[in-house]
Amino acid sequence: MQKFDEMYAMLPFEGSDVRAHYKRYGQWLAKQPEEAMQARRSEAEMIFRRVGITFAVYGAKDEDGAGTERLIPFDLIPRIIPSHEWLRMQQGLVQRVTALNRFIHDVYHGQEIIQAGIVPADLILQNAQFRPEMVGVDVPQNIYSHISGIDIVRAPDAKGDGVYYVLEDNLRVPSGVSYMLENRKMMMRLFPELFSLHKVAPVAHYPDLLLDTLRASAPPTSAEPTVVVLTPGMYNSAYFEHAFLAQQMGVELVEGQDLVVKDNFVFMRTTRGLQRVDVIYRRVDDDFLDPQVFRPTSTLGCAGLMSAYRAGNVAICNAVGTGIADDKSVYPYVPEMIRFYLGEEPILSNVPTWMCRKEGDLKYVLDHLHELVVKEVHGAGGYGMLIGPAASKAEIEEFRAALVANPSGYIAQPTLSLSSCPTYVESGIAPRHIDLRPFVLSGQKVQMVAGGLTRVALKEGSLVVNSSQGGGTKDTWVLGEDSAAPPLPWPEQSQSLGGTAQSLGAMTQTLGGA
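Given the structure is predicted, the values throughout are model-derived calculations rather than measurements. (Residues numbered from 1 in each chain as written. Predicted model: local features only at pLDDT ≥ 70, side-chain atom pairs only at ≥ 80, totals over all residues. Heavy atoms only, no water.)

Colleague: When you look at the overall build of the chain in this model, what are you seeing that I'm missing?
Modeller: Secondary structure assignment for the chain yields 13 helices and 23 strands. Here the chain holds 514 residues, and 58% of them are scored as buried. If you take every contact in the chain between residues at least 6 apart in sequence, the share linking residues at least 24 apart comes to 71%. With an accessible surface of roughly 20,700 Å², the chain has 51% of that area assigned to carbon and sulfur atoms. (Helix = DSSP H or I, 4+ residues; strand = E, 2+ residues; numbered from the N terminus. Buried < 20%, exposed > 50% of the residue type's maximum accessible area, 1.4 Å probe, protein only. Contact = heavy atoms within 4.5 Å. Areas by Shrake-Rupley, 256 points an atom, 1.4 Å probe, with all protein chains shown as cover.)

Colleague: It is not clear to me how the packing of helix α3 (residues 83-107) against helix α11 (residues 334-342) should be interpreted in this structure. Could you clarify?
Modeller: The geometry of α3 relative to α11 is characterised by a closest axis approach of 9 Å and an angle of 80° between their N-to-C directions. The orientation of α3 with respect to α11, classified from their angle, is roughly perpendicular. Across from Q95, R96, T98, A99, L100, R102, F103 and D106 in α3, the residues of α11 making contact are V334, M337, I338, F340, Y341 and L342. Looking at the contact of α3 with α11 residue by residue, the classes come out as nine nonpolar, two polar and three charged. (Axes fitted to C-alpha atoms, helices over the stretch in contact; angles between N-to-C directions. Parallel < 35°, antiparallel > 145°, perpendicular 65-115°, else oblique. Nonpolar A, V, L, I, M, F, W, Y, C, P; charged D, E, K, R; others polar.)

Colleague: How should I be thinking about unusual backbone geometry in this particular structure?
Modeller: Cis geometry marks the peptide bond from C317 to N318; its omega dihedral reads -5°. Here N318 is to be found in the loop between β12 (315-317) and α11. The backbone phi angle of Q111 is positive, close to 55°, even though this residue is not glycine. Tracing the chain through its elements places Q111 in the loop between α3 and α4 (112-115). Phi angles above zero are rare outside glycine, and D263 is one such case at about 55°. Checked against the element boundaries, D263 lands in the loop between β8 (259-262) and β9 (265-270).

Colleague: I would appreciate a short explanation of the sheet that holds β8 in the present structure.
Modeller: Backbone-to-backbone hydrogen bonds pair the strands of a sheet. The strands run either parallel or antiparallel. Overall, antiparallel pairing links the three strands, which are arranged β8-β9-β10 in an open sheet. Only two strands of the sheet have a single partner each, and these edge strands are β8 and β10 (273-277). The mean angle between the axes of side-by-side strands here comes to 40°, regardless of whether they run parallel or antiparallel. Relative to β10, β9 is paired through five bridges, and the arrangement is antiparallel. Residue T270 lies in a different strand from β10, and its bridge partner there is G273. (Pairing = 2+ DSSP bridges.)

Colleague: Before we go on, may I ask you to explain the packing of helix α2 (residues 34-51) against helix α6 (residues 177-190) in this structure?
Modeller: When two helices pack together, their arrangement is given by the angle between the helix axes and the distance between those axes. Here α2 crosses α6 at 135°, and the two axes come no closer than 11 Å. As judged from the angle between their axes, α2 and α6 are oblique. Of the two possible hands of crossing, α2 and α6 adopt the one that is right-handed. For the pair α2 and α6, contact is made by R40, E43, A44, I47 and F48 and by E182, N183, M186, R189 and L190, respectively. (Left-handed = near helix turned anticlockwise from the far one by under 90°.)

Colleague: Please clarify how the layout of surface pockets should be interpreted in this entry.
Modeller: A probe matching the size of a water molecule, rolled over the atoms, marks out where space remains unfilled. For the second largest pocket, the calculated volume is near 450 Å³. What lines the second largest pocket is a set of 19 residues, and nearest its centre among them are R41, E45, P73, F74 and E426. Those elements giving two or more residues to the lining of the second largest pocket turn out to be α2, β3 (74-81) and β18 (420-425). Among the elements that line the lining of the second largest pocket, the one with the most residues is α2, at six residues. (1 Å grid on protein atoms, 1.4 Å probe; cavity = no way out; pocket = protein on both sides within 12 Å on 5 of 7 lines; lining within 4 Å. Points joined across faces, edges and corners; volume = space filled by probe spheres on them.)

Colleague: For this particular structure, what's the right way to read the pairing of strand β20 (residues 439-442)?
Modeller: Along any regular strand, the residues point their side chains to alternate faces of the sheet. The alternating pattern of β20 places F439 and L441 and V440 and S442 on opposite faces, both of which are buried. Where strand β4 (residues 147-156) and β20 come together, three bridges link them in antiparallel fashion. When the sheet's bridge partners are listed, G149 is paired in β20 with F439. Hairpin connection from β20 to strand β21 (residues 446-447): three residues lie between these consecutive antiparallel strands.

Colleague: Help me understand the sheet that holds strand β14 (residues 354-355), please; the structure alone is not making it clear to me.
Modeller: The four strands lie next to each other as β14-β17-β15-β16, forming an open sheet whose pairing is antiparallel. Looking at the sheet topology across the chains shown, the edges are occupied by β14 and β16 (385-387). Sheet topology note: the strand β15 (residues 372-376)/strand β17 (residues 410-414) ladder contains five bridges and is antiparallel. For E376, the partnering residue across the bridge sits in β17 and is Y410. Packing of helix α13 (residues 393-405) onto the sheet brings it into contact with β15, β16 and β17, and relative to β16 it is tilted by some 135°.

Colleague: Mind showing me how you'd approach the environment of P12 here?
Modeller: By the secondary structure assignment, P12 is in the segment before α1 (23-30). Taking relative accessible area as the criterion, P12 reaches 57% and is therefore assigned exposed. As for P12 and P431, which are separated by 419 residues in sequence, their C-alpha atoms are 8.6 Å apart.

Colleague: Can you walk me through α11 in this structure?
Modeller: Every α-helix carries 3.6 residues per turn, so stepping three or four residues along brings you back to the same face. Turning to α11, its buried residues are V334, P335, M337, I338 and Y341. Along the axis of α11, the buried positions cluster into a sector of 155°, meaning they face one direction only. Where the residues of α11 are buried, they touch α3, α4, β5 (162-170) and β13 (349-350). G343 occupies a position one or two residues after α11 and carries a positive phi of about 65°. (Arc of directions from axis to C-beta.)

Colleague: Honestly, the confidence of the model for the chain in this entry has me stumped. Any pointers?
Modeller: Interpreting fine coordinate detail is not advised for predicted regions of low pLDDT. In the predicted model, the chain carries a mean pLDDT of 87, and the fraction of residues at 70 or more is 87%. Note on residues 58-67: pLDDT is under 50 here. Beyond four places in sequence and across chains, it has 22 contacts. (pLDDT = per-residue confidence, 0-100.)

Colleague: Please clarify how the side chain of D278 should be interpreted in this entry.
Modeller: For D278, the location among the structural elements is in the loop between β10 and β11 (279-282). Reaching out from D278, the side chain makes a polar contact with the backbone nitrogen of T226 at a distance of 2.7 Å. For D278, the residues in contact, after removing those within four places along its chain, are P219, S222, E224, P225, T226, V314 and A315. (Polar contact = N/O pair within 3.5 Å; in protein donor to acceptor, adjacent residues only side chain to side chain.)

Shown next, in the form of structure tokens:
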């Protein structure tokens, strides 16, 4: 069974070689007394609790059976990426997000990719995430997903080398960037000496990049655009992040009741009267944005917002209707989007995916449910899915019935042997599986801070990295050129995972989502 660890060339840890980009860190870690590291773990937890860095998890579906707001566990051992790997990943992310934005614009305008027969018309036009209200609506610079969270996983190939794959595209309201920023602040507070030993790329400027991106999306008539962050309110699972980003950008955090539409312009209520709003960084789903257009019972949005939006008097980031491109049934077509819109070969590969809407794929999936990960196309946060190797016979049969009843509602993927990273757990340091969510900003240009949010499945054998289900996080370091290992050959696009679960080894699968 092939395994790949980010820090060690061989597993188990004892006596194994430390990879070149982890050498300095490994030497430092070996000198740290256990009691000192435990004390720093406790200090980090105390600070995070004091600041209120929490995430809600939802009882019936949480691994522990608990449903409460809790701290997101923070791990002291960073995930380190050498510069040559990051630069190539960054190129792939820019390429992918550019193509996805082109696709969303095309879907709501000429629909050329449908006419070319590349994406089936019914997959778009009958999709719950398709918003007919956006057809023909022009948005500034034709950008729909201003903030994209692209989930990256790493798995061993036939040679045992670690290969990066895109698992999911999160283009509606991707979360987690506040934890990326807080993790870095915590590491610099607890281990300042490490940052003199390593040339770590900064991330603290992300709020500035985000604000620049949002301002760049403002209507052309806005000379000094006013930006707000729209939150569903304090009971939302990611409320900490909403408040954090508003504070970091120096803009107002508002709820729907704070906004009003007059003469097709959006205003926020202030103690000095109404103030025009030019850009709304919304953390509210489409269905709740405007009760006059979408869900009439919603109190989270603002009546008339879509009218002002269609008139071009306010920008909404991410744009309404963006969810059509992060639907899991559309994900398998992203490599073809890159070829169609950009005339390029994809730099980052997809995980092989069976589309259950296809008769042949459905038959394969039904015959191999015990080997595969099956996901609802509209699911998120690791919910609404079957992890075949970890499921009981009863769970498999229940999912089989759901698949037969609604095959177009599901996709399936192989179970991946995800890369691991040393992690502090109660028993000491042990390998735990991880993924990575870089945050890609699309404005006048496509840019991002180096790295992203590394999520970690903390329990031994756990399949869950999602914060919404109790997963933890790590600081992600991208090293400068002088710290990096010699480049490994980047896998060619034709090098795939083999297309069958049997070729992939172990039964560990990150679950993507928030």
